[in-house]
Amino acid sequence: MRPKEEFIQATEIAAFNKDMQQKVHHAVEQYEASRKQGLAQFSNLELARDRAAYVRFKVIENLDKYLIEFEASIMRRGGKVLWANDSETALHEIDQIIKRRNAKSIVKSKTNIGEEIGLNEHLRASGIQLYETDLGEYIVDQAGEKPFHGVTPAMHKSRQEIARLLNDKISSSLDASAAELSDDVRNELRDKFVKADIGITGANFLIADSGLIAITENEGNARLSTSFAHTHIVLAGIERIVPNINDLDLLLPLLAAYGTGQNLTAYNTIVGPRAAEDVDGPKEFIVILIDNGRSNLLALPDQRQALACIKCGACSNVCPVFQTIGGHAYGTAYTGPIGAVITPIMKGLDEYKHLSNASTLCGKCTDICPVKIDIHNHLLRNRRDVVNNGLAKNAEKLMWFSWKKIMLARKNMNKGTSIKQFMLNSFFKSSWGERREFPKLAERSFNQMWREQFGQK
């Protein structure tokens, strides 16, 4: 089944899942209240957003320079940088590290790019013991699901559902509170950190001039994932660069405020290769820089701004489409409005152009973006490129050709309602949906009514 068919099938189910929608709306309401509190820390929010947008824009426009600088900085500190053009190359590099280390056990913190390249499925198919250590990721992993939301993976699950799941998996009490459930998962994972051969994390930001990695989290599991393992593997998209550590003073509070409504997330770790004088930390530090279609986006001047995203998830939280169909319906690692912009370009417009149409174009995503990405207009640009690249279906081309002919001729506009109604029903039958009744066209056009009332001039 092609991605579009899977998407339509998934949305058909999700759009009528009232239970899921209630959970999402509840989570979004809580988020909105927290976000307002988090943003109160900025005396001039618009200035902060402008500066953050400039930093990210500068990086994207000079990405080659900053990537080379970052690689040189890492190597000077004793680390290693591997380049992966696609997911297959990234997984191959990880396999080589595992083979060389003869690793059997891996702990992994939350990383969207891990979902993007299919890391979990690949490693487990190879017989590796892989443990998700982020609470939300752990929950959806135990449930055999994909993350629902980029920041809150288990947004779609109630505490009662989580309690039942953990009761089945790790014998948690069905009456356990949220704090008690967290403690149970923590106890379950504690020895996994100590025994792991490799720790895998993502990276919120890569600091170009110093060769350091910034990781922000609320549970401390990412820090534990890097503390005991012999080898630390960092998976990062090539766009995650910032010029220097001072930029974090602006970007980390913005990410926290827009992502979870905090002034700052609980744990903000700056890590890099272990220095000679360090008494702990991984002995081997490897960063895998992953392209996987990002160069396709970088090559488009009109849309490359989307690479500036800091993955706060705010655009999904305000999106009426996301709130209706949820994250799983997208069928991709990146959901919501920003996912609908970048996925079609990164993975191919032909297969994923439907995502750019899954939007009301209300503009809420653009309004809330902390780095001022013009998201809803990028969706329109994707739609434009579909047409310009000849990827639109013949039926769609015929529809717009006919529409243009009708709209450009007054005599066509004034033709009988039955003809226009037939054309409307024929052209839009599949896209309108089976459950909605077609609107009834007026018997007379505005032009006809005007002439009747005021006479023809």
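Before going into details, it helps to say that this report is about the structure given with it. (Residues numbered from 1 in each chain as written. Predicted model: local features only at pLDDT ≥ 70, side-chain atom pairs only at ≥ 80, totals over all residues. Heavy atoms only, no water.)

1. Details of the environment of Arg 410
Put simply, the rule reads: Numbered from the N terminus, helices here are DSSP runs of H or I no shorter than four residues, and strands are runs of E no shorter than two. Note on contacts: a residue pair qualifies if any of its non-hydrogen atoms lie within 4.5 Å across the two residues.
Its location among the elements puts Arg 410 in helix 21 (residues 410-413). Once the C-alpha coordinates of Arg 410 and Glu 434 are considered, the two residues, 24 residues apart in sequence, prove to be 32 Å apart. Apart from residues lying up to four places away in sequence, Arg 410 is in contact with Ser 445 and Asn 447.

2. A short note on the environment of Ile 170
Mapped onto the elements of the fold, Ile 170 is located in helix 9 (residues 159-170). The spacing of Ile 170 and Gln 21 is 149 residues in sequence and 28 Å in space, taken between C-alpha atoms. Non-local contacts of Ile 170, meaning those with residues more than four positions away in its chain, are made with Tyr 138, Asp 184, Val 185 and Glu 188.

3. Side note on the packing of helix 1 (residues 3-14) against helix 17 (residues 349-357)
Heads up, the rule is: All axes here are fitted lines through C-alpha atoms, helices being fitted over the stretch that makes contact, and every angle between N-to-C directions spans 0 to 180 degrees. Orientation is classified from the angle alone, with under 35 degrees giving roughly parallel, over 145 giving roughly antiparallel, 65 to 115 giving roughly perpendicular, and any other angle giving oblique. Think of it as three bins: nonpolar holds Ala, Val, Leu, Ile, Met, Phe, Trp, Tyr, Cys and Pro, charged holds Asp, Glu, Lys and Arg, and polar takes everything else, Gly as well.
Contact pair helix 1 / helix 17: the axes reach a minimum separation of 8 Å and the direction vectors enclose 30°. It follows from the interaxial angle that helix 1 and helix 17 lie roughly parallel. Contact with helix 1, carried on its side by Pro 3, Lys 4 and Phe 7, involves Glu 351, Tyr 352, His 354 and Leu 355 of helix 17 and no other residues of that element. Residue composition of the contact of helix 1 with helix 17, grouped by class: four nonpolar, one polar and two charged.

4. Focus: the packing of helix 16 (residues 336-347) against helix 17
Relative orientation of the contacting elements helix 16 and helix 17 amounts to 175°, with a least axis distance of 7 Å. As summarised for this structure, helix 16 and helix 17 are arranged roughly antiparallel, according to the angle between their axes. Two secondary-structure elements touch here, helix 16 through Ala 340, Thr 343, Pro 344 and Lys 347 and helix 17 through Leu 349, Tyr 352, Lys 353, Leu 355 and Ser 356. Broken down by class, the residue content of the contact of helix 16 with helix 17 amounts to five nonpolar, two polar and two charged.

5. As for the side chain of Asn 447
Cut-off, in case you're wondering: Relative accessibility under 20% of the residue-type maximum defines a buried residue, over 50% an exposed one, and the middle range a partly exposed one, all with a 1.4 Å probe and only protein chains included. Residues adjacent in sequence count toward polar contacts only when both atoms are side-chain atoms; beyond that, a polar contact is any pair of N or O atoms within 3.5 Å, and within protein one must be able to donate a hydrogen and the other to accept it.
Along the chain, the position of Asn 447 falls in helix 23 (residues 446-454). Look at Asn 447 and you get buried, because its relative accessible area is 17%. Here the side chain of Asn 447 touches Arg 451 through a polar contact of 3.0 Å, side chain to side chain.

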